[in-house]
Amino acid sequence: MIDLYGMSSPNVVKITVMLEEVGLAYRQHHVNVFAGDQHVSGFLKISPNNKVPVIVDADGPGGAPLPVFESGAILLYLAEKTGKLLPASGVARTTVMEWLMVQVASVGPMFGQLVHFLRYAPAGNDYGAQRYTSEVRRILGVLDRRLATAAFLGGDEYSIADVATWPWLRTASGIYPFLTAAAAKGDALAEWPAVGRWFAAIGARPAVARGVVNGDRFLEDDKSAFGAADPDAFDRFFNRGKFTR
Ligand SMILES: N[C@@H](CCC(=O)N[C@@H](CS)C(=O)NCC(=O)O)C(=O)O
């Protein structure tokens, strides 16, 4: 049994999708990041970077429980545990790792910063919104060029590189003005057709649909956590104001 600690976020949907793809049983536990639950010592023992997602595999190596934090590391762990969605060796494995690293180093952080500057930054931060819009559009171009020549990010086969990247495209399509404007005209990803083809193909997978539904189960808890959060809670979450380090 896998225990998954999370909230409604693309980094967590990566893991619900992966667990559905590999067919491992799991339980979901909500972490209230607006109340600071990610900073308590018990949580830091399993997630030292004070973030979700984190899993605890009750049946880890040697039968001992194993916590795993960082979504990229969790995907690698689950792929190796089950022998699925990651080639065992060779160039195919290296290629999947390359595109997985593009997700954890570029897609996640840059897409995430753009969400922050669009939704949570105080007024007067046009520079941040513009910088991350430009960077996200650059990354979309990188993904589009790759997917114009390969069915999936890792090559011919669907892999953890796709599982890692797809949830961020899903979230972005509903938030970024340049994507919502295109969606209103019929196709959010019209400017990046290869990404659009790939996004639709992966979204049609039954395991992905189940993973999305389960990831969204965190939404109700998040809505009440968000509603109960005061300005201090947001400052703590964003490391700003009196929580600036
Ligand atoms: N690099 C991390 C990023 C995870 C992340 O940013 N998690 C956010 C929610 S999406 C979080 O837990 N934030 C709480 C905090 O930073 O205090 C991963 O991929 O797992």
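All figures in this text were calculated on a predicted structure; none of them were measured in a lab.

Cut-offs used in this document
Residues numbered from 1 in each chain as written. Predicted model: local features only at pLDDT ≥ 70, side-chain atom pairs only at ≥ 80, totals over all residues. Heavy atoms only, no water. Domains from an automatic or database assignment. Contact = heavy atoms within 4.5 Å. Buried area = accessible area lost by both parts, 1.4 Å probe. Salt bridge = Lys/Arg side-chain N within 4 Å of Asp/Glu carboxyl O. Polar contact = N/O pair within 3.5 Å; in protein donor to acceptor, adjacent residues only side chain to side chain. Helix = DSSP H or I, 4+ residues; strand = E, 2+ residues; numbered from the N terminus. Nonpolar A, V, L, I, M, F, W, Y, C, P; charged D, E, K, R; others polar. 1 Å grid on protein atoms, 1.4 Å probe; cavity = no way out; pocket = protein on both sides within 12 Å on 5 of 7 lines; lining within 4 Å. Points joined across faces, edges and corners; volume = space filled by probe spheres on them. Near = heavy atom within 4 Å. Areas by Shrake-Rupley, 256 points an atom, 1.4 Å probe, with all protein chains shown as cover. Sits in = over half its atoms within 2 Å of the grid points. Buried < 20%, exposed > 50% of the residue type's maximum accessible area, 1.4 Å probe, protein only. Core = buried A, V, L, I, M, F, W, Y, C linked by side-chain atoms within 4.5 Å. Phe/Tyr/Trp six-rings, centres within 6.5 Å; stacked < 30°, edge-to-face > 60°. Lys NZ or Arg CZ within 6 Å of the ring centre and 35° of its normal.

A few words on the domain arrangement of the protein. Partitioning the protein into domains gives domain 1 (2–84 + 217–243) and domain 2 (90–204). A straight line from the C-alpha centre of domain 1 to that of domain 2 covers 22 Å. Domain 1 puts 15 residues into the contact, and the matching count from domain 2 is 15 residues. Both sides of the domain 1 and domain 2 interface together cover about 1,300 Å² of buried area, and 74% of this is carbon and sulfur. Looking only at domain 1, the three residues that lose the most surface to domain 2 are Pro-10, Lys-14 and Leu-76, adding up to 36% of its buried area. Between domain 1 and domain 2 we count one salt bridge in total. Close ionic contact of Arg-93 with Glu-80 constitutes a salt bridge, the shortest N to O distance being 2.7 Å. The interface formed by domain 1 and domain 2 holds five residue pairs in polar contact (both at pLDDT 80 or more) in total. When residues of the side of domain 1 that touches domain 2 are traced back to their parent elements, those giving at least two are helix 1 (10–22) and helix 3 (71–82). The element that contributes the greatest number of residues to the side of domain 1 that touches domain 2 is helix 1, accounting for seven residues. Here the residues of the side of domain 1 that touches domain 2 sort into nine nonpolar, two polar and four charged.

In this structure, the largest pocket spans a volume of roughly 1,500 Å³. For the lining of the largest pocket, the elements supplying multiple residues, two or more each, are helix 1, helix 4 (90–119), helix 6 (160–173), helix 10 (218–228) and helix 11 (231–237). Broken down by element, the residue count for the lining of the largest pocket peaks at nine residues, all from helix 4. Looking at side-chain class alone, the lining of the largest pocket contains 18 nonpolar, 17 polar and ten charged residues. In terms of domain composition, the lining of the largest pocket takes at least three residues from each of domain 1 (2–84 + 217–243) and domain 2 (90–204).

This next bit is on the site of the ligand. By nearness alone, every residue bordering the ligand is listed as Met-7, Ser-9, Asn-11, Gln-38, Asn-50, Lys-51, Val-52, Pro-53, Glu-70, Ser-71 and Phe-237. Within the backbone of Val-52, a nitrogen or oxygen atom sits 2.8 Å from a nitrogen atom of the ligand. Here the ligand loses 81% of its free accessible area of 520 Å² to cover by the protein chains. Judged by the proximity of its atoms to the pocket grid, the ligand belongs to the largest pocket. Here the shell around the ligand is built from residues that sort into four nonpolar, five polar and two charged.

A word on unusual backbone geometry. Between Val-52 and Pro-53 the backbone carries a cis peptide bond, its omega angle lying at 10°. For Pro-53, the location among the structural elements is in the loop between helix 2 (41–46) and strand 3 (54–57). In this structure, Leu-85 is a non-glycine residue whose phi angle is positive, near 65°. Residue position: Leu-85 is located in the loop between helix 3 and helix 4. Residue Leu-85 is classed as buried on the basis of its relative accessible area of 18%. Positive phi, normally seen in glycine, also occurs at Asn-239, with a value near 55°. Secondary-structure assignment places Asn-239 in the segment after helix 11.

The full count for this structure, using the stated rule, is eleven salt bridges. A salt bridge links Glu-20 to Arg-210; the nearest nitrogen and oxygen atoms lie 2.8 Å apart. Of this pair, Glu-20 sits in helix 1 while Arg-210 sits in helix 9 (residues 206–216); the two residues are 190 residues apart in sequence, bridging distant segments of the chain.

The subject of this paragraph is the nonpolar core. Ranked by size, the top nonpolar core spans 73 residues in total, and within it Met-18, Ile-55, Leu-78, Phe-111, Ile-160, Tyr-176 and Trp-198 carry the most contacts. Looking at which domains feed residues into this core, each of domain 1 (2–84 + 217–243) and domain 2 (90–204) supplies at least three. Ile-160 has contacts with Met-18, Leu-75, Leu-76, Ala-79, Leu-85, Leu-86, Val-96 and Leu-100, leaving out every residue within four places of it along the chain.

By convention here, two paired aromatic rings are described through the distance between centres and the angle between planes. Per the counting criterion, the structure on display carries 13 aromatic pairs. Note on Phe-226 and Phe-234: the rings are 5.0 Å apart at their centroids and 75° apart in plane angle, and the pair reads as edge-to-face. Of the aromatic side chains, those joined through ring pairs into one cluster are Phe-34, Tyr-120, Phe-226, Phe-234, Phe-237 and Phe-238. Note that Arg-131 overlies the ring of Tyr-132, its terminal NZ or CZ placed 5.1 Å from the centroid. Of note, Arg-137 hangs over the ring of Phe-178, and the distance from its end group to the ring centre comes to 5.2 Å.

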